[in-house]
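Notes for the structure review
The residues making up each chain are set out below.
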Amino acid sequence: RYDVDLINTAFNPYTMFSIVLIAAVAAVTIRSVRNGTFPPWLFGIWWFLIALLPVSNIIPIRGIMMADRYLYLPLIGLLICVLSLMEEHVPAGRASGIKWAAYCAVCALFILLTINRAAAWKDNMTLFSDTVRKAPNSLVVRWNLFEEHKKAGNTQQMLVQLAEMNRINEESARNSLRIAERYQREGKKADAERMAKKALYTKPDLTEASRFLVTLQGESSGNTEKR
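This write-up is about the structure you can find in this document.

Cut-off values and rules
- Residues numbered from 1 in each chain as written.
- Predicted model: local features only at pLDDT ≥ 70, side-chain atom pairs only at ≥ 80, totals over all residues.
- Heavy atoms only, no water.
- Helix = DSSP H or I, 4+ residues; strand = E, 2+ residues; numbered from the N terminus.
- Buried < 20%, exposed > 50% of the residue type's maximum accessible area, 1.4 Å probe, protein only.
- Polar contact = N/O pair within 3.5 Å; in protein donor to acceptor, adjacent residues only side chain to side chain.
- Phe/Tyr/Trp six-rings, centres within 6.5 Å; stacked < 30°, edge-to-face > 60°.
- Axes fitted to C-alpha atoms, helices over the stretch in contact; angles between N-to-C directions.
- Parallel < 35°, antiparallel > 145°, perpendicular 65-115°, else oblique.
- Left-handed = near helix turned anticlockwise from the far one by under 90°.
- Contact = heavy atoms within 4.5 Å.
- Nonpolar A, V, L, I, M, F, W, Y, C, P; charged D, E, K, R; others polar.
- Core = buried A, V, L, I, M, F, W, Y, C linked by side-chain atoms within 4.5 Å.

So, the side chain of lysine 203
Looking at the element boundaries, lysine 203 is found in the loop between helix 8 (189–202) and helix 9 (207–226). With a relative accessible area of 8%, lysine 203 lands in the buried category. A distance of 3.0 Å separates the side chain of lysine 203 from the side chain of asparagine 166, its partner in a polar contact.

What follows is the structure, given as structure tokens:
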């Protein structure tokens, strides 16, 4: 489970880096095609980018924004790219040895990672405890961990998870309220009301959202009376 911040502007450093990178790949591709070539490593790069596209959440429509399994198919392209570059640039006599060394290194790494992850999957308690450290703002993970502590009778830890879930809800509600205030400044009253109601739905006791909604509705009533 990953906590992922939504990117709402093209001027975000990650977005700008991605645009520059894809533009560079496109430029190299156009040049190669004009020269009548299309090297395997370039094919591997496009495989990676195209296979990643359906789960890239350019338009966020998926319930899970980021997951390791999304890389299963794209990684084939990355392997094609790396191996083809080795074929081109590593001397033939040394290529076989380097390939086997790389193969053994990757296998050793995967074995260590598997052993490490197997410990986290010992039971539900270890799994959700491990996950909450990596995604501390996930309500789903917090709730699952709360349920495990409830089964185990760990009252103190149940209270800790409830407090964290309350914190997450409050942060989410305040973010919605900030968006509502921005909409109000832009004169988008309907959108402002929608986001204020969303803030109250997330955290019904958020008094700032209640006051904002009352003020907003008062402004709308005043404008109607003037008309």
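Quick word on helix 5 (residues 124–134)
Since the α-helix turns once every 3.6 residues, residues separated by three or four places project in the same direction. If you check which residues of helix 5 are buried, you get Leu127, Phe128, Asp130, Thr131 and Val132. With a side-chain oxygen lying 3.1 Å from the backbone nitrogen of methionine 125, the N-terminal cap of helix 5 falls on aspartate 123.

Re the packing of aromatic side chains
On inspection of all chains with the given rule, the structure shows 3 aromatic pairs. A centroid spacing of 5.9 Å and a plane angle of 80° characterise the contact between phenylalanine 43 and tryptophan 47, whose relative ring orientation is edge-to-face. In this pair, phenylalanine 43 and tryptophan 47 both sit in helix 2 (residues 40–52), 4 residues apart, roughly one turn of the helix. Taking 5.6 Å as the distance between ring centres and 85° as the angle between the ring planes, the aromatic pair formed by tryptophan 100 and tyrosine 103 counts as edge-to-face. With tryptophan 100 and tyrosine 103 both in helix 4 (residues 92–120), this residue pair falls 3 residues apart, about one helical turn.

A few points about the packing of helix 1 (residues 13–34) against helix 2
For any two helices packed against each other, one specifies the inter-axial angle together with the distance between the axes. The contact between helix 1 and helix 2 brings their axes to 11 Å, and the two run at 140°. Between helix 1 and helix 2, the interaxial angle falls into the category oblique. Considering how the two elements wind past one another, helix 1 and helix 2 form a crossing that is left-handed. Taking contact as the criterion, the partners of Val25, Ala26, Val28, Thr29 and Ser32 in helix 1 are, on helix 2, Trp41, Leu42, Ile45, Trp46 and Leu49. Considered class by class, the residues forming the contact of helix 1 with helix 2 number 8 nonpolar, 2 polar and no charged.

Section: the side chain of threonine 131
For threonine 131, the location among the structural elements is in helix 5. Once residues within four sequence positions are removed from consideration, threonine 131 is found in contact with Arg1 and Val141.

Some thoughts on the nonpolar core
Within the largest apolar cluster, 14 residues are counted, with the highest numbers of intra-cluster contacts made by Leu177, Ala180, Ala192, Ala196, Ala199, Ala209 and Phe212. Residue contributions to this core peak at 5 residues, all from helix 8. Residues Leu127, Phe128, Val132 and Val141 belong to the second largest nonpolar core, which totals 5 residues.

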